[in-house]
Every structure is written in structure tokens, then in C-alpha cells.
Amino acid sequence: MIFLILSSITLITCLYYLFNLILWISLDCDIELFIKSKFGKKISSLSGKVVWITGASSGIGQSLAHTLATHGVKLVLTARRVAELEKVKEQCLTFSGGKLKEKDILTMQMDMLQLERHEEFFGRVIEHFGTLDILVNNAGRSQRAAWQDIDLSVDRALFDLDVFSAINLSRIAVRYFLDKGINGHIAVNSSIAGLMAIPNSATYVAAKHAINGYMHALKLEHPYIKTTIFCAGPTFSEFLHEAFTNKIGEKYGQSVKSSDKRLTAERCAELFSVALANGTNLNWAGCFPFSFLLYLKYYPNLYNFVIQLMGSKTLYKIRDSK
């Protein structure tokens, strides 16, 4: 009898891990986000809310604006390139199918590095809409550079943009939420690099780990303010072209290739929107093997063994979406 019970438990356990392994390999996001996309709150539950997206002129930010507009979400769109922003606004009005009017989308030319103007921009948002429900910190740049060759000025510049500017704007929003008694929502478009180290991007890896840490701390201190960390893997966008290198003022200047193994910006935006609608804390999205490797991190010894077995050449290929 005891043998049968133990055998049944063993079989159930093996089937459970086998099922999970299949999901780790086959899904383009984590299991929680997959379940929420099928059975959780719909993106349309955000209809009528005010969502501010920084870096909204291209890439995931642009696609996120399109997706939310389709579901009648009021938008604040900011970026440095005002002409591109206006194009995104017109696209969003079209995507909304009449759900949004001209006044429901506010565009502002904004350089995230001008920290002294963040309060001014925030004030303009409140003046226009009367409130803010969700701040999405999307603006940022990636990096391609060998660890030993990176000038310290690049470390500072990348942290200023990807970490400190986002945290400064988020603190303004959090103080507003607390002052008004609003259970607001702070989100950040982080990266899989914030969950696991990847080669040839040391400063970027460190910056994404840092902003994830800030967000986890915010969640602990103010649990009634929703926090969402969305960690995207390689995506078809301009991100690679604009990436930092090892020298200050230099851009990587290469574009992604159609043959690369990447998620589309539209798919990332859809998954990000699901995370926002459901107020999830931490999610990721990416093509195989990223999800598989991230779940392995729950078993550190096995993860380290697999990473060593793969070797640096394989990791570089994965990093470059090959």
C-alpha cells in the first residue's frame, strides 16, 4: 500500500515537472503571464484609464501605445522626437476605432535626462487629464561592448538614462499617488538581462538588475501601489542600432536582421499590456531558450551546470538572436 502511494506521488511529481518543462520550452513568456493572457483580466479592463508611456516614439513603446489605444486607454506619449510622436498619436487614434478622441492622447517632447523638468511634465499630465493611473518607464538604451573595454563614462551615462531618470520620474508619481490616496501603478520595461547575465552588455545587465531592485523595494514599502517589471528578450526594434558601446557618445549602429530569432514589438506589447491589466509583479517574454534558462535559475546548481555546458560561444549566439 505504502509502495503504491509513493509510486503515485513519484509519478505525479514527474508528470508535473515534465509538463512544466514543456511549457518552459514552448512558451514565449513565463507561465503566469501565459495563464493571465488566457484567463486573467482582459486588456480592455484598462479602458478609460490614463497611461503614460515614456520612449513612445518607436519600438515596444510605440507598439504598446497602439495596443492600449485599441482598447480605449487614454495615453500620455513622451519622447525626444516630436515628429515621430505625432505619427504615433495619429496611428493610435486610428487603432482606437473611435474609442479615443484627440484630447485623449497627450504628446510631449521630453528628454528623460532633463531631471529638473520632470515635475513640470508631470504637472502638465495632471493638468490635462486630472489624474494618472499608470506610469510605464519604457525609455532606455541597450549596449554592446566587451567588459574590460567599457569606459566608466559609459557606465554613468547608461545608468543615468536607464535607471536614474526612470526612478526620478517614478518617485514623483509615487508621491502623487500617496498624496492623493490613489492605488497607482508603476511599470518598467526592463529586460531579461535584469534577471540573468548576458555577454557583451555588462553595463546594461547591471542597470537592469538595478532598476529591478528599485522596483522590488518599492513593492515592499508600498504594497498598495502596483509595480510591474516586464523583462523583454530580444525584440525586432531600433534598440540595437541605438545601443551604447564602450565609448561615450558612440552608437552600435547595427540593425536587427529579419533572420534573427526575436519577438515582434507587437507581441511584446500585447504581453506587456496583459501584465498591466492584471497588475502582475514580474514577467518575462522571449523566444527559446530564455524562458527555459530563467526557470532553471530556480535551481542554481543545475542552472550553473547548464550555463557552463553551453559555453561562451553558444551564449554569444543566443545574445545575438541566432
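In the block above lies the structure referred to throughout.
Residues numbered from 1 in each chain as written. Predicted model: local features only at pLDDT ≥ 70, side-chain atom pairs only at ≥ 80, totals over all residues. Heavy atoms only, no water.

Novice: Would you take a moment to explain the overall build of the protein for this structure?
Specialist: For the protein, the count of helices and strands is 10 helices and nine strands. Taken against the 2.2 N^0.38 rule, which gives 20 Å for 322 residues, the C-alpha radius of gyration of the protein at 21 Å falls within 12% of a compact globule. Seen through its C-alpha atoms, the protein measures out along the principal axes to roughly 70 × 50 × 40 Å. Out of the 322 residues belonging to the protein, those deemed buried represent 49%. Partitioning the intrachain contacts of the protein with sequence separation of at least 6 by distance along the chain shows that 73% fall at a separation of at least 24. Summing over all exposed atoms, the protein offers an accessible surface of approximately 15,800 Å²; the carbon and sulfur share of this is 59%. If the 35 positive side-chain charges of the protein are averaged to one point and the 28 negative ones to another, these points end up 6 Å apart. (Helix = DSSP H or I, 4+ residues; strand = E, 2+ residues; numbered from the N terminus. Rg over C-alpha atoms; globule rule 2.2 N^0.38 Å. Buried < 20%, exposed > 50% of the residue type's maximum accessible area, 1.4 Å probe, protein only. Contact = heavy atoms within 4.5 Å. Areas by Shrake-Rupley, 256 points an atom, 1.4 Å probe, with all protein chains shown as cover. Lys, Arg positive; Asp, Glu negative; His and termini not counted. Charge placed at Lys NZ, Arg CZ, Asp CG, Glu CD.)

Novice: Help me understand the environment of Ala-146 in this model?
Specialist: Relative to the helices and strands, Ala-146 resides in the loop between β4 (134-137) and α6 (152-180). For Ala-146, a relative accessible area of 27% corresponds to the partly exposed category.

Novice: What should I look at first to understand the pairing of strand β3 (residues 105-109) in this one?
Specialist: Strand residues, when the strand is regular, have side chains that alternate between the two faces of the sheet. Among the five residues that make up β3, four are buried, leaving the element largely enclosed by the rest of the structure. With five bridges connecting them, strand β2 (residues 74-79) and β3 associate as parallel partners. Across the sheet, Ala-79 pairs through a bridge with Gln-109, a residue of β3. Remark: the β2/helix α4 (residues 82-96)/β3 crossover connection has right-handed handedness. (Pairing = 2+ DSSP bridges. Right-handed = clockwise from strand over helix to strand, strands pointing away.)

Novice: Help me understand the packing of helix α5 (residues 118-129) against α6 in this model?
Specialist: Interaxial distance between α5 and α6 falls to 10 Å at its minimum, and their mutual angle equals 45 degrees. Of the possible angle classes, the one that applies to α5 and α6 is oblique. In the packing of α5 onto α6, the handedness of the crossing is right-handed. Together, His-118, Glu-119, Phe-122 and Ile-126 of α5 and Ser-165, Asn-168, Leu-169, Ile-172, Ala-173, Arg-175 and Tyr-176 of α6 make up the contact between the two elements. (Axes fitted to C-alpha atoms, helices over the stretch in contact; angles between N-to-C directions. Parallel < 35°, antiparallel > 145°, perpendicular 65-115°, else oblique. Left-handed = near helix turned anticlockwise from the far one by under 90°.)

Novice: Explain the packing of aromatic side chains here, please?
Specialist: When we look at a pair of aromatic rings, we describe it by the centre distance and by the angle of the planes. Within this structure, the stated rule accounts for 11 aromatic pairs. Members of the aromatic cluster, each reached through a chain of ring pairs, are Trp-24, Trp-284, Tyr-295 and Tyr-298. Over the ring of Phe-244 we find Arg-141; its NZ or CZ atom is 3.8 Å from the centre of that ring. (Phe/Tyr/Trp six-rings, centres within 6.5 Å; stacked < 30°, edge-to-face > 60°. Lys NZ or Arg CZ within 6 Å of the ring centre and 35° of its normal.)

Novice: For this particular structure, what's the right way to read the packing of helix α3 (residues 59-70) against helix α8 (residues 265-278)?
Specialist: Pairs of packed helices are described in terms of their axes, by the angle between the two and the distance that separates them. In the contact formed by α3 and α8, the axes pass within 8 Å of each other and the chain directions differ by 60 degrees. In terms of orientation, α3 lies oblique with respect to α8. Remark: the crossing between α3 and α8 carries right-handed chirality. Contact residues: Gly-59, Ile-60, Ser-63, Leu-64, Thr-67 and Leu-68 in α3; Ala-265, Glu-266, Cys-268, Ala-269, Glu-270, Phe-272, Ser-273 and Leu-276 in α8. Class assignment for the residues of the contact of α3 with α8 results in eight nonpolar, four polar and two charged. (Nonpolar A, V, L, I, M, F, W, Y, C, P; charged D, E, K, R; others polar.)

All we've got here are geometric facts, nothing functional implied.
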